[in-house]
Number of protein chains: 2
Amino acid sequence: MRTMTVIGAGLIGTSVALAVSRAGVTVHLADRDPAAVRVAAALGAGHARGPAAPVDLAVLAVPPSQVAAVLADAQERGIARAYTDVASVKAGPEQAALHHAPDPARYVGGHPLAGRERSGPLAARAELFHDRNWVLTPSRLTSDAAFERALELVALCGAVPVVMRSRDHDAAVAVTSHVPHLLASLMAARLGEGPAGLDRVAGQGLRDATRVAGGDSRLWSDILQANAGAVADVLRELHTDLSRLVPAVDALARSGGPDRELGMRTLVDLLDRGVSGRARLPGAAPGGDGRHTVRVAVDDRPGELARLFAAVAGLGVTAEDAAVNAPAEAGLTVRFAVPQPTADRLVAALAAGGWDAVPEWAAHTPRAPVGPVG
Amino acid sequence: MRTMTVIGAGLIGTSVALAVSRAGVTVHLADRDPAAVRVAAALGAGHARGPAAPVDLAVLAVPPSQVAAVLADAQERGIARAYTDVASVKAGPEQAALHHAPDPARYVGGHPLAGRERSGPLAARAELFHDRNWVLTPSRLTSDAAFERALELVALCGAVPVVMRSRDHDAAVAVTSHVPHLLASLMAARLGEGPAGLDRVAGQGLRDATRVAGGDSRLWSDILQANAGAVADVLRELHTDLSRLVPAVDALARSGGPDRELGMRTLVDLLDRGVSGRARLPGAAPGGDGRHTVRVAVDDRPGELARLFAAVAGLGVTAEDAAVNAPAEAGLTVRFAVPQPTADRLVAALAAGGWDAVPEWAAHTPRAPVGPVG
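Residues numbered from 1 in each chain as written. Chains lettered and ligands numbered in written order. Predicted model: local features only at pLDDT ≥ 70, side-chain atom pairs only at ≥ 80, totals over all residues. Heavy atoms only, no water.

1. Overview of the sheet that holds strand β10 (residues 332–338) of chain A
All names here are of chain A.
- The sheet built from four strands is open, its strands ordered β9-β10-β8-β11 with antiparallel pairing. Only two strands of the sheet have a single neighbouring strand rather than two, namely β9 (322–325) and β11 (356–360). Put simply, the sheet's adjacent strands are angled 25° from each other on average, direction ignored.
- Two elements, β9 and β10, share four bridges in a ladder whose sense is antiparallel. Following the sheet pairing, Asn325 is matched in β10 by Thr333.
- Packed onto the sheet, helix α12 (residues 340–352) meets β8 (292–298), β10 and β11 and runs at close to 20° relative to β8. (Pairing = 2+ DSSP bridges. Helix = DSSP H or I, 4+ residues; strand = E, 2+ residues; numbered from the N terminus. Axes fitted to C-alpha atoms, helices over the stretch in contact; angles between N-to-C directions. Contact = heavy atoms within 4.5 Å.)

Structure (structure tokens):
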């Protein structure tokens, strides 16, 4: 790939342009707002003027509702040999391409799983997509050539390609992104109507839980509208869950009463389901990944554990990597779960320091390998 | 304060003990689980044996439902001259202290706004409370002496004391912490039942939004039960919000139709209310804090903005601190909003580098001062 056009010089489009420019591709920038193009160009994302001849790939970095029209227009003008987009909804654009675009074979849908709180070209970063998944949703008409170009784009951005059907993608992002956004907005809206003193008791957890609600309302209403069917399905399930939860918590608020025990069971069941649902998220559970375990015996004396953690700090190992047992007999047993090379260095360093440290045979099960979804 | 007892050697109790021990106070640790005490002592948090004489302050670091019983027992044994707790619900413990504790004047409720995903003594950190708010809820009977001791504890932990009425505190944490936890659990539970491929499209936003749902189910069911009345009130409001939102999104899923416009208005209104509600959170909005603005004129050439950001990187100034205007005439105008000493250095460094940089008169309004809530 030698030449590319990015239509839409916002956060995502400008980040794509920066990454690809850095890799040596000649990038042309377009946006209906000329100021955005000038800022992106001044950032080094590419040229503010259009190309003289069709480019290898056009990336449509516009909101979901605009993909169909921008694609049809670009293909009518014949600006590129292949086309992809970066919108977070995929079934609608695919249908539009199949039925209305001049050349659906040259289009493949795409969605990089990356974003930031800030929007606009100034928030762009060449590294935004590094190690992030980038979903591609080839349609039944997408040509191999267009698909290969999109794969090349993903590689140039340092992202991980994941192939999905557009409908599966949309059902999944409804659960992982669109409905969480609405819930964060519902919660954040309650903050606006909450009691005085609320800001005094707001911790980091709330900032994290409502972070996405700080996003651009216009862009998000566009996204939610484009995936309204899948979003409504999940919202309906949540509404049912909440209809069960409200009377359960009400019962707990009344002292005594026969519903109290049932209320507590409903509550604990929900919390437990939340813990196990969260375990489905990649990176949410520490450990795993074929870590090795090193067992260290520690004397039962004040400060002795602190001395151990100080001894391993130089290897980048912390209390986060440790679990402690305090058997009734005597002494504490600390188990560090660390990558294998670190485990070897840990045993050596601790032995040299006079600690009783032994490797335990691979106690952690590696995660299941990740392959494309049907 | 010279001596202290911490009852409950979990995350919070051990962190308090580590912070106070480091400040030179003699700390005694107690827990119904002797292993937790041994681990905390081995971390350097204090002594595993009880004190010979009453201590200056006893900190009850037990779940909300146990505060009343542990306080009554400790006061019957007369183990301390003052008592406080760290539970995240305050009205129930206060009522119990007023009506059932042997010496309610010696007790003041407390709630440090700090926590971690991990629980247990091994997750403890002396710095956990640093710069965090620590709510104190003196009752109508709390003595000045007990209140002063609690203030001293807050200071030794490096936290910021905030005085509130217990009921106001509980209504506020229902909105900022307890209901967000339940929503995160509801969302995370949906992940467990979501479609295949869901883990491929899960980004950092979802990990953040559901982080709190990874917490200890038993502790959280205890917390939620202890604040069930206030939690149920907020949940009911959310249920109503959701009852309006589901038909709105349903209308958007149907192509055309007269409800579509109303659906879109409902959606945009919710998103906008979320954005403004989130602005109530401290630290959520960048800028403010009496920042000064430096204006820089930048030529409209490819890469020129990148050159500017490279020039200011050494001062710790980034694109995050910048806003750009691209007026129609010519050139770009960049405004950096930075603390005043940085602004002075920025102007000097940019002028020396040949940039056209001028300070603008204090454009940012400082935040309103923070005082105690009535």
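2. Side note on the relation of the copies chain B and chain A
- Here chain B sits on chain A after a turn of 180° about the axis and a move of 0.0 Å along it, with an RMSD of 0.1 Å. As the rotation angle and translation indicate, the two copies are arranged about a two-fold axis. Among all residues of chain B, the minimum C-alpha distance to the rotation axis is found for B:Ala209, at 2.0 Å.
- A high fraction, 100%, of the interface residues of chain B reappear at the interface in chain A, so the copies pair face to face through one surface. (Least-squares fit on C-alpha atoms with pLDDT ≥ 70 in both.)

3. Description of the interface of chain B and chain A
- The interface is formed by 125 residues belonging to chain B together with 125 residues belonging to chain A.
- Summed over both sides, the interface between chain B and chain A buries roughly 10700 Å², with carbon and sulfur atoms accounting for 65% of that surface.
- Interface area lost by chain B to chain A is led by B:Arg38, B:Arg200 and B:Arg280, which between them contribute 8%.
- Taken together, the links from chain B to chain A amount to 17 salt bridges.
- Residue A:Arg190 is joined to B:Asp241 by a salt bridge in which the shortest nitrogen-to-oxygen separation is 3.0 Å.
- Grouping the amino acids of the side of chain B that touches chain A by side-chain chemistry returns 71 nonpolar, 26 polar and 28 charged. (Buried area = accessible area lost by both parts, 1.4 Å probe. Salt bridge = Lys/Arg side-chain N within 4 Å of Asp/Glu carboxyl O. Nonpolar A, V, L, I, M, F, W, Y, C, P; charged D, E, K, R; others polar.)

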